[in-house]
Amino acid sequence: MKSAVEQLATYKSVHLNPKNIRTHFFGVPMIIWSAFLMLGTIRFELAGVEFSAAMVLMLLVLAYYFKLHVKLALGLTLFIIPVLITSEMAVHSSQPFVLAISIFVVGWIIQFVGHKYEKAKPAFMDDLNQLLIGPFFLMAELYFMLGWEKQLDAEITPIARDKRRAIEAAKRAQ
């Protein structure tokens, strides 16, 4: 498994433009919430307790985040719990799939607008695992804005810039 530094540097290499990062602070939560809503409609019972696929996904993804970086995972836990609660409430609305698909599409439009500013393709196009790193990256960026995890920022930013230079050089060589 790649380290948190490797994963964040790869993601950041195509997320250096502040406008792109700002769009991601809107688009990524919308996509996550809508995905949780869609998965929340898949219900099952275990030992008399009802669960959803969203609940299972939350546990798996948080376990992955905790394995990568405990402090960032704690922040993501504080983010994901309200997402799960509100999406679970929306599961019982009259048309949860229509709501979920609408928010999902708008979230992705916002993401792609951000990448127009960036002039770089989204990270997941080369590595699907980067879809999981998006929220992790945003939590890291939030921590950096708050002045936390300065060492992590100092580690990933130069690597990200070097990776971006390599991407740009490869584009020019084509």
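Cut-off values and rules
- Within every chain, residues take consecutive numbers counted from 1 along the sequence as written.
- Local features in this predicted model are restricted to residues of pLDDT 70 or higher, and side-chain atom pairs are both shown and tallied only at a pLDDT of 80 or more, whereas totals for entire chains, interfaces and linings draw on every residue.
- As a convention, hydrogens and water are excluded, and side-chain values are obtained from all of the structure's heavy atoms.
- Numbering goes from the N terminus for both helices and strands, where a helix is a DSSP run of H or I of at least four residues and a strand is a run of E of at least two.
- Radius of gyration means the value over C-alpha atoms here, while the globule rule gives 2.2 Å times the residue count to the 0.38 power.
- Accessible area is worked out with a 1.4 Å probe on protein chains only. A residue is then buried under 20% of its type maximum, exposed over 50%, and partly exposed in between.
- Two strands are counted as paired when DSSP detects at least two bridges linking them.
- Patches draw on residues past 30% relative accessible area with no salt bridge. Two like charges within 9 Å are joined, as are two nonpolar side chains (Val, Leu, Ile, Met, Phe, Trp, Tyr) within 5 Å.
- All accessible-area figures derive from a Shrake-Rupley calculation using a 1.4 Å probe, and residue coverage is judged against the displayed protein chains alone.
- Any carboxyl oxygen of Asp or Glu that lies within 4 Å of a side-chain nitrogen of Lys or Arg is treated as forming a salt bridge with it.

A. Representation of the overall build of the protein in the model. When its secondary structure is counted, the protein shows 7 helices and 2 strands. Ordered by position from the N terminus, the helices and strands of the protein form the series α-α-β-β-α-α-α-α-α. Against the 2.2 N^0.38 benchmark of 16 Å for 174 residues, the protein shows a C-alpha radius of gyration of 17 Å, consistent with a compact globule. Based on the C-alpha atoms only, the size of the protein along its principal axes is roughly 55 × 30 × 30 Å.

B. How the structure looks around unusual backbone geometry. Not every positive phi belongs to a glycine, and Ala-47 is a case in point at roughly 55 degrees. Tracing the backbone through its elements, the reader meets Ala-47 in the loop between strand S1 (43-46) and strand S2 (49-52). For Ala-47, a relative accessible area of 81% corresponds to the exposed category. Of note, the phi angle at Lys-119 is positive, near 60 degrees, even though the residue is not glycine. Relative to the helices and strands, Lys-119 is located in the loop between helix H5 (96-118) and helix H6 (130-145). Exposure remark for Lys-119: the relative accessible area of 63% places this residue in the exposed category.

C. Expanded view of the pairing of S1. Sheet analysis places S1 next to S2, joined by 4 bridges and oriented antiparallel. Following the sheet pairing, Phe-44 is matched in S2 by Phe-51. Connecting S1 to the antiparallel partner S2 that follows it, the hairpin turn spans 2 residues, and Ala-47 within it adopts a positive phi of roughly 55 degrees.

D. Structural detail: a nonpolar patch on the surface. Taken together, the side chains of Phe-97, Ile-101, Val-105, Ile-109, Val-113 and Tyr-117 present a nonpolar region at the surface, about 530 Å² in accessible area. Tracing the backbone through its elements, the reader meets Phe-97 in helix H5. Judged by relative accessible area, Phe-97 falls into the partly exposed class, the value being 47%.

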